[in-house]
Amino acid sequence: RIEFEPYKEKELTTILHKNSNHVKYKYNIDKQIISVVRGLPRFAVDIAKDIEKYCFLNKNEEFAGKNWTEFKKIHDIRPLMITNLELQLLRYLAMGEKTLTSIAAKLGLDTTTVRRDVESYLISNNLIEINTKRFITGYGLKILRECENS
């Protein structure tokens, strides 16, 4: 398996701007946008193109806080770009510590898939931890609340 170093914020910001030439980002909103692309350039390109369409349809080349709030609702963008499976796991762990086997059963996945595709991002962002069982962190609870309220 080949692993690459994650892109830096500056690189992702450049990708965002180059793929949305007609958009003027105001009040450092581009920093907030980059916070949800998971360090992945493909997400930065996709979101840039969607923002450009949004601005075109709204006949406005400027993109600021209220636009970002509306855009996130339209596109169902959660904090840290949490996926549906990750959200399900956070909700499940909010009820208490769980074993990998019980998580796999709850999500309808095998344990390898849970470890590789669901837990890894949550662990790397300090949303969950593993002792002998999996549990949600304080930061994970905060992000879960933000997801539920967004």
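Bear in mind the structure is a predicted one, so any value in this text is a computation, not a measurement.

Undergrad: Break down unusual backbone geometry for me, citing the residues and quoting the values.
TA: Not every positive phi belongs to a glycine, and Lys 59 is a case in point at roughly 50°. Checked against the element boundaries, Lys 59 lands in the loop between helix 3 (41-57) and strand 2 (62-63). The exposure class assigned to Lys 59 is exposed, which follows from its relative accessible area of 77%. The phi angle at Asp 76 is positive, at roughly 50°, despite the residue not being glycine. Residue placement: Asp 76 occurs in the loop between helix 4 (65-74) and helix 5 (84-93). Given a relative accessible area of 52%, Asp 76 falls into the exposed group.

Undergrad: Give me the lowdown on the packing of helix 5 against helix 7 (residues 111-124), citing residues and values where you can.
TA: Orientation of helix 5 relative to helix 7, taken along the N-to-C sense of each, is 70°, at an axis distance of 9 Å. With respect to their mutual orientation, helix 5 and helix 7 come out roughly perpendicular. When the axes of helix 5 and helix 7 are compared, the crossing they make is right-handed. Taking contact as the criterion, the partners of Leu 85, Glu 86, Leu 89 and Leu 90 in helix 5 are, on helix 7, Asp 117, Val 118, Glu 119, Tyr 121 and Leu 122. Each residue belonging to the contact of helix 5 with helix 7 can be placed in one class, and the counts come to 6 nonpolar, no polar and 3 charged.

Undergrad: How would you summarise the packing of aromatic side chains if you had to cite specific residues and measurements?
TA: One pair of aromatic rings is described through two measures. These are the centre distance and the angle between the planes. Considering all chains together, one arrives at 6 aromatic pairs under this definition. Ring plane angle 65° and centroid distance 6.4 Å describe the contact between Phe 63 and Trp 68, whose orientation is recorded as edge-to-face. Its relative accessible area of 0% is what places Phe 63 among the buried residues. Taking the relative accessible area as the measure of exposure, Trp 68 reaches 2% and is therefore buried. An angle of 85° between the planes, with centres 6.0 Å apart, marks the rings of Phe 63 and Phe 71 as edge-to-face. In textbook terms, an aromatic cluster arises when at least three aromatic residues are bridged by ring pairs, as seen for Tyr 25, Tyr 54, Phe 63, Trp 68 and Phe 71. One Lys or Arg, Arg 38, reaches over the ring of Tyr 121 and ends 3.4 Å from the middle of that ring.

Thresholds applied
Residues numbered from 1 in each chain as written. Predicted model: local features only at pLDDT ≥ 70, side-chain atom pairs only at ≥ 80, totals over all residues. Heavy atoms only, no water. Helix = DSSP H or I, 4+ residues; strand = E, 2+ residues; numbered from the N terminus. Buried < 20%, exposed > 50% of the residue type's maximum accessible area, 1.4 Å probe, protein only. Axes fitted to C-alpha atoms, helices over the stretch in contact; angles between N-to-C directions. Parallel < 35°, antiparallel > 145°, perpendicular 65-115°, else oblique. Left-handed = near helix turned anticlockwise from the far one by under 90°. Contact = heavy atoms within 4.5 Å. Nonpolar A, V, L, I, M, F, W, Y, C, P; charged D, E, K, R; others polar. Phe/Tyr/Trp six-rings, centres within 6.5 Å; stacked < 30°, edge-to-face > 60°. Lys NZ or Arg CZ within 6 Å of the ring centre and 35° of its normal.

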